[in-house]
Amino acid sequence: MSWPLEQIKTLVVSMARGAHPDYEEGTGFWIANQGTISGYRIEQSRMRECKPLAGPKGRFKAGDLLVASTGEGVLGKCALTTASGYCDSHVSIVRCRDRDDARFLYWWVVGHYETINSLCALGATKQTELQRETFLSMPIAMPGRPVRRAIADFLDRECALIDQRMEALNGKKALLRDLKASVREEWTFGTTVPGVRAASSEPWHINLPASWRVERLGNLFREACDFGFTDLPVLSVSIHSGISDKELDDDALERKVSRSEDRGVYKRVIPGDVVYNQMRAWQGGFGVAKVEGLVSPAYVVARPRRNVSPEFVEHLLRSPRAIEEMRRRSRGITDFRLRLYWDEFKEMVIPYPDVPEQRRIASEIDSRIAIVDLEIEVIDDLLTALSEQRRALVFESVTGRLASASSISASAPSPEMATSK
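This report concerns the structure included in the present document. (Residues numbered from 1 in each chain as written. Predicted model: local features only at pLDDT ≥ 70, side-chain atom pairs only at ≥ 80, totals over all residues. Heavy atoms only, no water.)

## Quick word on the nonpolar core
Reasoning step 1: Core analysis: the biggest nonpolar cluster contains 48 residues, and Ile8, Val94, Leu105, Trp107, Trp108, Phe135 and Leu155 have the highest contact counts within it.
Reasoning step 2: Here this core takes ten residues from helix H4 (residues 145-188), the largest share from any one element.
Reasoning step 3: Sequence-distant contacts of Val94, defined by excluding residues within four places in its chain, comprise Val12, Ser14, Met15, Asp64, Leu65, Val67, Leu105 and Phe135.
Reasoning step 4: Within the second largest apolar cluster, 34 residues are counted, among which are Trp212, Phe221, Tyr276 and Ile365. (Core = buried A, V, L, I, M, F, W, Y, C linked by side-chain atoms within 4.5 Å. Buried < 20%, exposed > 50% of the residue type's maximum accessible area, 1.4 Å probe, protein only. Helix = DSSP H or I, 4+ residues; strand = E, 2+ residues; numbered from the N terminus. Contact = heavy atoms within 4.5 Å.)

## Overview of the sheet that holds strand E2 (residues 12-17)
Reasoning step 1: Across the sheet, four strands lie side by side as E2-E9-E6-E7; this open sheet has antiparallel pairing. Every other strand in the sheet has two partners, leaving E2 and strand E7 (78-80) as the edge strands with one partner each. Strand-to-strand twist across the sheet, computed as the mean angle between neighbouring axes with direction ignored, equals 20 degrees.
Reasoning step 2: In this sheet, strand E9 (residues 91-96) lies alongside E2 in antiparallel orientation, the contact comprising five bridges. Bridge assignment links Arg17 to a residue of E9, and that residue is Ser92.
Reasoning step 3: Sheet strands touched by helix H1 (residues 99-111): E2, strand E6 (65-68), E7 and E9. Its angle to E7, the strand with the most contacts, is close to 155 degrees. (Pairing = 2+ DSSP bridges. Axes fitted to C-alpha atoms, helices over the stretch in contact; angles between N-to-C directions.)

## Regarding unusual backbone geometry
Reasoning step 1: Not every positive phi belongs to a glycine, and Tyr40 is a case in point at roughly 65 degrees.
Reasoning step 2: Tracing the sequence through the fold places Tyr40 in the loop between strand E3 (30-31) and strand E4 (48-49).
Reasoning step 3: Overall, Tyr40 belongs to the buried group, its relative accessible area being 18%.

## Things to note about the sheet that holds strand E20 (residues 274-277)
Reasoning step 1: Here we have four strands laid out as an open sheet, ordered E16-E23-E20-E21, and antiparallel in their pairing. Of all the strands in the sheet, just strand E16 (221-223) and strand E21 (286-288) have a single pairing partner and so form its edges. Averaged over all adjacent pairs, the angle separating strand axes in this sheet is 25 degrees, with direction ignored.
Reasoning step 2: Strand direction decides the pairing type here: E20 and E21, joined by three bridges, are antiparallel. Its bridge partner lying in E21, Val275 is registered against Gly287.
Reasoning step 3: Packed on one face of the sheet, helix H7 (residues 310-317) meets E16, E20, E21 and strand E23 (299-304) and runs near 170 degrees to E21.

## A closer look at the packing of H1 against helix H10 (residues 355-398)
Reasoning step 1: It is at 8 Å that the axes of H1 and H10 come closest, and there the two elements cross at 125 degrees. Relative to H10, H1 is oriented oblique. Remark: the crossing between H1 and H10 carries left-handed chirality. Where H1 approaches H10, its residues Phe104, Trp107, Trp108, Val110 and Gly111 are matched on the opposing element by Arg390, Val394, Phe395 and Val398.
Reasoning step 2: Residues of the contact of H1 with H10, tallied by class, amount to seven nonpolar, one polar and one charged. (Parallel < 35°, antiparallel > 145°, perpendicular 65-115°, else oblique. Left-handed = near helix turned anticlockwise from the far one by under 90°. Nonpolar A, V, L, I, M, F, W, Y, C, P; charged D, E, K, R; others polar.)

## Looking at H10
Reasoning step 1: Look at H10: 62 Å from first C-alpha to last across 44 residues, which is about the 64 Å you get at 1.5 Å a residue.
Reasoning step 2: If you check the start of H10, you find a side-chain oxygen 3.0 Å away from the backbone N of Glu357, and it comes from Asp354.
Reasoning step 3: Gly400, located one to two residues past H10, shows a positive phi value of around 75 degrees. (Expected span 1.5 Å × (residues − 1). Polar contact = N/O pair within 3.5 Å; in protein donor to acceptor, adjacent residues only side chain to side chain.)

## Comments concerning the environment of Leu169
Reasoning step 1: Following the sequence through the fold, Leu169 ends up in helix H4.
Reasoning step 2: In this structure Leu169 comes out as buried when scored by relative accessible area, which is 13%.
Reasoning step 3: Spatially, the C-alpha atom of Leu169 lies 8.6 Å from that of Asp380, the residues being 211 residues apart in sequence.
Reasoning step 4: Dropping the residues within four chain positions of it, Leu169 is found in contact with Ile379, Leu382, Leu383 and Leu386.

## Focus: the side chain of Gln278
Reasoning step 1: By the element assignment, Gln278 lies in the loop between E20 and E21.
Reasoning step 2: On the basis of relative accessibility, which here comes to 15%, the residue Gln278 falls in the buried class.
Reasoning step 3: Beyond its immediate sequence surroundings of up to four residues, Gln278 is in contact with Ala298, Val300, Leu338, Arg339, Leu340 and Tyr341.

## Structural notes on the pairing of E9
The two faces of a sheet get side chains in turn, since along a regular strand they alternate between them.
Reasoning step 1: The element E9 is largely enclosed, with a buried count of five among its six residues.
Reasoning step 2: Relative to E9, E6 runs antiparallel, the two sharing four bridges. Bridge pairing in E9 links Leu66 to Ile93.

## A look at the packing of aromatic side chains
Reasoning step 1: Summed over the entire model, instances satisfying the criterion amount to eight aromatic pairs.
Reasoning step 2: Seen from their ring centres, Phe189 and Trp204 are 6.0 Å apart, and the 80 degrees between their planes marks the pair as edge-to-face. Here the residue Phe189 occupies a position in the loop between H4 and strand E13 (197-198), and Trp204 occupies one in the loop between E13 and strand E14 (208-209), the gap between them amounting to 15 residues. Each member of the pair Phe189 and Trp204 is classed as buried.
Reasoning step 3: Note on Trp212 and Phe312: the rings are 6.3 Å apart at their centroids and 70 degrees apart in plane angle, and the pair reads as edge-to-face. Separated by 100 residues along the polypeptide, Trp212 in the loop between E14 and strand E15 (213-216) and Phe312 in helix H7 bring together distant segments of the chain. (Phe/Tyr/Trp six-rings, centres within 6.5 Å; stacked < 30°, edge-to-face > 60°.)

Here it is, written out as structure tokens:
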């Protein structure tokens, strides 16, 4: 099927960047940013508060297309609006001639994300920015209006079905992660240990086995700050998988850690160190180093002072009770600014049995979590396949290459019928 080539601008009435807000907590005035639309829809939970805005600058209407215009990893992602609001200057507001054109252009942009993401350059603020004129001049295969509407209807329907299945799988994945958290808490607080139990001195603990002890982390670990080991691999800490055991490739490192060209500023870790990300500790961003390596200077390295099982301590620190306690001890105005500093971390009091029992418990948790992780891997594979199916469906549909494109075109009303609607 061959459609005539036009430019995006033939569908567009205007394209303008958003406002420059003064961000301020507690105003009740919410504004969209590039993170808000990173999932190809407006996510209210990712909007930010700012001082109230008025006037046309940054204001979008229902039916406008919002395109992320700065930010590596999100530049070129978009959302079709269903209500009016405001967006900041990291987003472009694309207003089309009518809603049908906006719907078709939305799906076209979704299908060409990688291409659009490459149409960038350094802007005045030295950020990577989408180039407006280059974007508007992009060639787009343009079927007639009835076919554009039929394609948008088809993709709305088919992608909604895929999204529903992905949502169900993500729900199951969340339940499995909750199961991992409950396994950690059950075993590291001695719930599985029979016999007499005693109240703990710490309000965030539950009643513990009478044979267990409690201790400040500062008595069990010391902060280690070893610099200058430039020949070691750079590692990272994940809230889901702990610390990596080898250096990640350049692309992965760019996404996971803020890199410095000077490796001398990185902290050295050795096997057995407990490492955490100050900004992600309250989310479970902990890991035990398995190899010697380097971590970001923003990470805290806790090195055992005495004979203790770091693996047991890691599991305990990633339990829901410990995470909530670390959240309480973290400093910051809002969640995404919370930081857990060493001086607060070392004052946490944790429960623990003797070292052989710590090791046995850590091994038992590892075995149980490994089974759950296998189920999560299966779900991740299904999610990847569905995501690729969705991406291919969108691209093939908006370019007229889909095998059923002829049936989509055939289902579109004739121009006379479309005019009469």
